[in-house]
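A structural walkthrough
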Amino acid sequence: MALILHFLTMRKNWSTYLKAYGFIAPCLAIISIVFIYPLIQTFILSFHRVRGDELQFVGLFNYRFLLFQDEAFRYAVINNITLLISIPILVVLAILIAVLLYERIRGWRTYQIIVFLPYVIPITVVGIVFSRILRWDGILNYLLNSIGLKFLMQDWLGNREIAIFSLMGIIIWKELGFGVVLLLARLISLPEEVFEAAKIDGVSWTQNLVYITIPQLKTILLYYIILMTITMFSWVFNYVYVITHGGPGNSTMVLELIIYRYGIPRFMPGIASAAASLLFVGIFVFIFLLLRFRKGIQTREY
Amino acid sequence: MKEKFEYYQMTVFHTFLIILTVINLFPLYFMISSSLKSGKEYIFSPYSIPRQIAFENFYKIMVEHNFIRTSINSIVVTLSSVIAGLVCSLLAAFALVRMEFPGKGILLNLFISLIAVPPIVVLIPIYVLMAKAGMINTYPSVVIVYAGFIIPFSVFLLSGFFQSIPLSLVDAARLDGCGDFGILWKIFVPLSKAPIVTLAIVNGLWVWNELLIALIFLQRAEMRTLMATIALSQSRFTLNVPFMMTQSLIATVPPLIVYIIARRYLVRGFMGGFAK
């Protein structure tokens, strides 16, 4: 309504408005098909049971089923939250490597290429290679054995207790490069005087890192943390699908795989949609909490 | 000039980076070396350097039906998705930054917040929609979906970068009689080469390596992408590791080449555009 009113009062701008909407139209068309329509549809379907072409309203049954009866779903929630542990590890490693590259440690050009390498390798391939490395008779155990750490030997992907952490290790290995590139880009775009002043004052390398470099990276770090939170909730399907299929048992089950299993092989779109809605809400709750947390820090500072 | 690092710090950092290098390179080495081994040699010495180079795996893959076809599928899908996604994003980002119209703020926020939507949440309704339209197993079905997932992040990065382009350039071009398309094409696109290349790399890698969407929308064997084919054949060939590694190697080479050629732009592309 307001939009129409706006149009009427500013009629002389009609042609410029139309042109602007023309520029946005292709994007909007694709986004309506890929995001807006499906999100509405998912929400509606989550309250229904699908039988052939018929939709049967079942209220909250799908949600109740997932939350109280489905053991795999519970495993998936715990595992997705467990994966968040990788974020602090990623952040620390990314800051360290980005700073070392920025300070042009000897061999930085080579390191820079190597650090980003895992990001380029397809997850499918990563999965196949690491499945081999982490087997009971794989090279990791062979190495542990030969340096006398026999007690650390594990069936890394076959042990229910450990499999999710092995998976996390692989995800960290793959995702680290992107963080480094992001932080490095931010460091390079900072004015050099910021760092020059500190050097003259004679502060140590560690002080410099904690008091000068990291505060400068605050915005981009928050952005990186949000992006990684999203990744751990909604972009780990490929890893799990290729490496463990959710097993052994449900020990590496994640929400995406639940949605996939109910949605495609078992064709129960109602339950799949309910799981999808829960995942979607979960992500936004986490991002909201992150932003709140950040605001809390800022108000304390000023 | 004063040394940047203390001696002991230097040692620690170099040790750290060297360990990282080994961890990052070993899987690559393992893939290449086992792809060159015969099945027999792999069983006896899986991690050594191949004694005899065996091309049997490469030969087998070329004979293995559909492998060339699936590679072509991957190339077509990746190129068209990236181009479609980026063209749409360029147009939208330009309008969102340089034009005035009602609903501008809402649209910008909408586009950016879509970064948080996981693919799996939207895939089933899209699947039903595409099935009704008879578009399953066609290129356009996946291209639309991939382009959709490329748009939010690309609009975000490009609109940030566009904001840093000085208005005076736009005014000068307008005086020379440039229309909006002209300004976008002759000023904004050339100045934004770095982020455009970065987006092409990052999104291209994503599409090339993507599995879920590819598995759902391209189900017929002759329409499958390379990644989907490899993932599906994994269980069939579990015993023949060298063959799997050869497949993997072939799938990794194109993204690797693109990365090596365009890596100069990668860091630069992220430099503008973020909230400072």
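What counts and what doesn't
- Residues numbered from 1 in each chain as written.
- Chains lettered and ligands numbered in written order.
- Predicted model: local features only at pLDDT ≥ 70, side-chain atom pairs only at ≥ 80, totals over all residues.
- Axes fitted to C-alpha atoms, helices over the stretch in contact; angles between N-to-C directions.
- Helix = DSSP H or I, 4+ residues; strand = E, 2+ residues; numbered from the N terminus.
- Parallel < 35°, antiparallel > 145°, perpendicular 65-115°, else oblique.
- Contact = placed C-beta atoms within 7 Å.
- Nonpolar A, V, L, I, M, F, W, Y, C, P; charged D, E, K, R; others polar.
- Buried ≥ 20, exposed ≤ 12 C-beta atoms within 10 Å, placed from the backbone.
- Domains from an automatic or database assignment.

Looking now at the packing of helix α5 (residues 104-113) of chain B against helix α7 (residues 139-163) of chain B. All names here are of chain B. Between α5 and α7, the shortest axis-to-axis distance is 7 Å and the interhelical angle comes to 125°. Looking at the two axes, α5 sits oblique to α7. Across the interface between the two elements, Leu108, Phe111 and Ile112 of α5 pack against Ile151, Pro152, Val155, Phe156 and Ser159 of α7. For the contact of α5 with α7, the class distribution of residues is seven nonpolar, one polar and no charged.

Another point: unusual backbone geometry. Glycine aside, the phi torsion of most residues is negative, and most peptide linkages are trans. Of note in the backbone geometry, Phe267(A) takes a positive phi value of approximately 45° without being a glycine. Relative to the helices and strands, Phe267(A) is located in the loop between α14 (255-263) and α15 (269-301). With 10 C-beta atoms packed within 10 Å, Phe267(A) lands in the exposed category. One non-glycine residue, Asn137(B), lies in the positive phi region at around 70°. Here Asn137(B) lies in the loop between α6 (119-132) and α7.

The subject of this paragraph is helix α12 (residues 226-233) of chain B. Summarising burial for α12(B): six of the eight residues are buried, a large majority. Among all positions in α12(B), only Leu226(B), Met227(B), Ala228(B), Thr229(B), Ile230(B) and Ala231(B) are buried.

Between chain A and chain B, the residue contacts involve 75 residues of the former and 68 residues of the latter. Element by element, the count of residues in the side of chain A that touches chain B is highest for helix α2 (residues 14-45) of chain A, at 19 residues. A breakdown of the residues in the side of chain A that touches chain B according to their chemical character gives 59 nonpolar, 11 polar and five charged.

This paragraph deals with the domain arrangement of chain B. All names here are of chain B. According to the domain assignment, chain B consists of domain 1 (7-56) and domain 2 (66-269). Look at where the C-alpha atoms of domain 1 and domain 2 centre, and you get two points 32 Å apart. Of the residues lining the interface, eight residues belong to domain 1; the matching set on domain 2 comes to seven residues. Broken down by secondary-structure element, the contributors of at least two residues to the side of domain 1 that touches domain 2 are α1 (7-35) and α2 (39-44). Among the elements that take part in the side of domain 1 that touches domain 2, α1 stands out by supplying four residues, more than any other. Grouping the amino acids of the side of domain 1 that touches domain 2 by side-chain chemistry returns three nonpolar, four polar and one charged.

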